[in-house]
Amino acid sequence: MKIIDGKLISAKLKEELKEEVEKLKEVGIVPGLAVIIVGNDPASKTYVNSKEKNAEKLGLYSVKHQLDEKISEEQLLKLIDDLNNDSKIHGILVQLPLPNHIDSKKVLNKISIEKDVDGFHPENVGKMIVGDKAFLPCTPNGVIKILEYENVEITGKHAVIIGRSNIVGKPMAALLLERNATVTVCHSKTKNLSEIVNLADIVVAAVGRPNFVNADMVKEGAVVIDVGINRVDGKLVGDVDFDSVKEKASLITPVPGGVGPMTIAMLMYNTIESAKRRGGI
Ligand code: NAD
C-alpha cells in the first residue's frame with residue numbers, strides 16, 4: 001500500500017507553473033484570476049483564501065470580490081459582466097454554493113467560456129464530453145493528474161465513482177471514460193452499492209459523508225481516491241474510512257493532503273492556460 005502525497009504532486013506542478021508565469025511575464029502577459037465569494041460561509045472563505053494565496057505565490061494577478069450575502073442576482077451578474085470585459089482577468093471563479101435567492105446556473109452561464117477556469121459552463125462541459133479542447137473541472141482533472149503521476153493504468157480498468165454531482169462525479173466519469181476506463185457511476189439511489197464498489201479497480205468517492213467507504217466495500221489492491229471533505233469535531237476527514245481501507249488498497253489518497261491541493265493547482269493551471277490562449281501562445 002502506498003499513500004499518495006497530493007501535496008508533493010501539487011507542489012511539483014506549481015513549481016512548473018511558476019516558471020511558466022515568469023516566462024509569460026517576459027512577454028508582457030500576467031495571468032489574472034478573479035474569485036467571487038458571496039456571504040460568510042467559513043469553509044468557502046477558507047477555500048477562497050487558499051486560492052488567492054496560491055495565485056499570489058505563483059505570481060498571478062489575483063483579485064478577490066467578497067460580496068454581501070444579500071447582494072442581488074442582478075448585481076452579481078453585472079460584476080461578472082465587468083470581469084468578462086476586464087482584459088487583466090483571464091479566469092473567473094464563483095465560489096459555490098451561492099445563497100438560495102441566486103440562480104447558480106444563471107451565474108455560471110454568465111461567465112465567458114474563455115474565462116471559465118472552473119470548467120462549469122455548459123459549453124465547456126459539452127466540449128469535455130465530446131473530447132474537444134476545454135477547461136476541465138479542477139477537482140476531477142486533479143484526480144486524473146494524480147493517477148497519471150502514480151502511473152495508474154486506466155485503460156480497460158473498472159472505475160467506480162460514488163457521487164454524480166456536476167462538479168465532481170459526472171465530469172470524473174467523462175474524464176475516466178475518455179481515458180478508456182469502464183465507468184460505473186453510483187449515487188444515492190443506487191442499489192447494491194457495496195457489491196458494485198467491490199468490483200472496482202479504481203474507486204473515486206465524492207459523496208460528502210465521513211467514513212462512507214469502508215474496507216468491506218473495497219477490492220484487495222484497488223486504487224482509492226477520496227474526494228470528500230467533511231468536518232468532524234473540527235477535524236477534516238474524507239469519505240473513506242482511511243485506517244481500514246488503507247490495509248486493502250494498493251494506493252490511497254489521504255484527507256487532507258490528497259485531492260484538495262490538486263484542485264487548487266489545476267485552477268492555477270487553467271488560469272495560466274487561459275492567459276496563454278488569449279496571448280496566442
Ligand atoms: P454533492 O452533495 O453535490 O453530491 C454528492 C453525491 O453523493 C450525490 O450525487 C449523491 O447522489 C451521492 N450520494 C449521497 N448519498 C449517497 C449514498 N448513500 N450512496 C451513494 N451515493 C450517495 O457533493 P459534491 O459537490 O460532489 O462533493 C462531494 C464531496 O467532495 C464533498 O465532501 C465535497 O466537500 C468534496 N469536494 C472536494 C473537493 C476537493 O477539492 N477535494 C472539491 C469539490 C467537492
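Residue numbers here run from 1 along each chain, matching the order of that chain's written sequence. Residues qualify for local features only when their pLDDT is at least 70, as the model is predicted, and side-chain atom pairs are given and counted only at 80 or more; totals for whole chains, interfaces and linings, by contrast, use all residues. Hydrogen atoms and water are omitted, and side-chain values are computed over all heavy atoms in the structure.

Visitor: Before we move on, could you go through unusual backbone geometry and cite the residues and values that matter?
Guide: The omega torsion of the bond from Leu-96 to Pro-97 falls at 0°, within 30 degrees of zero and hence cis. Helix and strand assignments come from DSSP, with helices taken as H or I runs of at least 4 residues and strands as E runs of at least 2, each series counted from the N terminus. By secondary structure assignment, the location of Pro-97 is in the loop between β4 (91–94) and α4 (104–110). The amide bond that connects Val-255 to the next residue, Pro-256, takes the cis arrangement and shows omega of -5°. For Asn-192, which is not glycine, the phi torsion reads 55° and is therefore positive. Unlike most non-glycine residues, Asn-211 shows phi in positive territory, near 55°.

Visitor: Describe the site of the ligand, naming the residues involved and giving the relevant values.
Guide: Around the ligand lies a shell of 21 residues, among which Arg-164, Ser-165, Ser-188, Ile-229 and Thr-263 are the nearest. Val-227 places a polar main-chain atom, nitrogen or oxygen, 3.4 Å from a nitrogen atom of the ligand. Any N or O atom pair separated by 3.5 Å or less is treated as a polar contact, with the protein-specific requirement of one donor-capable and one acceptor-capable atom, and with residues adjacent in sequence counted only for side-chain atom pairs. Contact distances for the ligand include 2.7 Å between an oxygen atom and a side-chain N or O atom of Thr-263. At three residues, the largest contribution of residues to the shell around the ligand is made by helix α10 (residues 259–278). Charged residues are taken to be Asp, Glu, Lys and Arg, nonpolar residues to be Ala, Val, Leu, Ile, Met, Phe, Trp, Tyr, Cys and Pro, and polar residues to be all remaining types, Gly included. Split into classes, the residues belonging to the shell around the ligand amount to nine nonpolar, ten polar and two charged. Here a residue is near a molecule or strand as soon as one of its heavy atoms is found within 4 Å of it.

Visitor: Talk me through a negative patch on the surface; I want residue IDs and the actual numbers.
Guide: A surface patch of like charges, here negative, comprises Glu-15, Glu-16, Glu-19, Glu-22 and Glu-26. Within the fold, Glu-22 resides in helix α1 (residues 6–26). With a 1.4 Å probe rolled over the protein chains alone, any residue whose accessible area is under 20% of its type maximum counts as buried; one over 50% counts as exposed, and the rest are partly exposed. Judged by relative accessible area, which is 44%, Glu-22 ranks as partly exposed. The patches described consist of residues with a relative accessible area above 30% and no salt bridge, like charges being joined within 9 Å and nonpolar side chains (Val, Leu, Ile, Met, Phe, Trp, Tyr) within 5 Å. The Shrake-Rupley method, run with a 1.4 Å probe sphere, supplies the accessible areas, and residue values consider only the shown protein chains as cover. The working definition used for a salt bridge is a side-chain nitrogen of Lys or Arg within 4 Å of a carboxyl oxygen of Asp or Glu. Positive charge is attributed to Lys and Arg, negative charge to Asp and Glu, and no charge count is given to His or to the chain ends. Charged groups are reduced to one reference atom each: NZ for lysine, CZ for arginine, CG for aspartic acid, CD for glutamic acid.

Visitor: A description of the domain arrangement of the protein should follow, citing residues and the corresponding values.
Guide: Here the protein is described as being made up of domain 1 (28–112) and domain 2 (138–260). As annotated, the domain borders come from an automatic or database domain assignment. In this structure, domain 1 and domain 2 have C-alpha centres spaced 28 Å apart.

Visitor: With reference to specific residues and values, describe the pairing of strand β3 (residues 61–67).
Guide: Between any two strands, pairing holds if DSSP finds at least two bridges. Pairing analysis gives seven bridges linking strand β2 (residues 32–38) to β3, with the strands arranged parallel. What sits directly across from Ala-34, in β3, is Val-63. When the strands point away from the viewer, a crossover counts as right-handed if the route from the first strand across the helix to the second turns clockwise. Handedness of the crossover joining β2 and β3 through helix α2 (residues 42–57): right-handed.

Visitor: Explain α10 residue by residue, including any values.
Guide: Helix span, as expected, comes to 1.5 Å for every residue beyond the first. With 20 residues, α10 should cover 28 Å at 1.5 Å per step; its first-to-last C-alpha distance of 29 Å lies within 8% of that length. Summarising burial for α10: 16 of the 20 residues are buried, a large majority. Gly-280 sits one or two residues past α10 and shows a positive phi near 75°.

Visitor: For the packing of α2 against α10, give the residues involved together with the corresponding values.
Guide: Axis definition: a line fitted to C-alpha atoms, limited for helices to the stretch in contact. Angles are taken between N-to-C directions and run from 0 to 180 degrees. Where α2 contacts α10, the two axes come as close as 10 Å, and the packing angle between them is 55°. Here α10 runs oblique to α2, going by the angle between their axes. Between α2 and α10 the crossing geometry is right-handed. Here α2 contributes Ser-50, Lys-51, Asn-54 and Ala-55 to the contact with α10, which in turn contributes Ile-264, Leu-267 and Met-268. Its residues assigned to classes, the contact of α2 with α10 comprises four nonpolar, two polar and one charged. Roughly parallel covers angles under 35 degrees, roughly antiparallel covers those over 145, roughly perpendicular covers 65 to 115, and oblique covers all other angles. For any helix crossing, the convention is left-handed if the near helix is rotated counterclockwise from the far helix by under a right angle, and right-handed if that rotation is clockwise. The contact criterion used throughout is that any non-hydrogen atoms of two residues lie within 4.5 Å.

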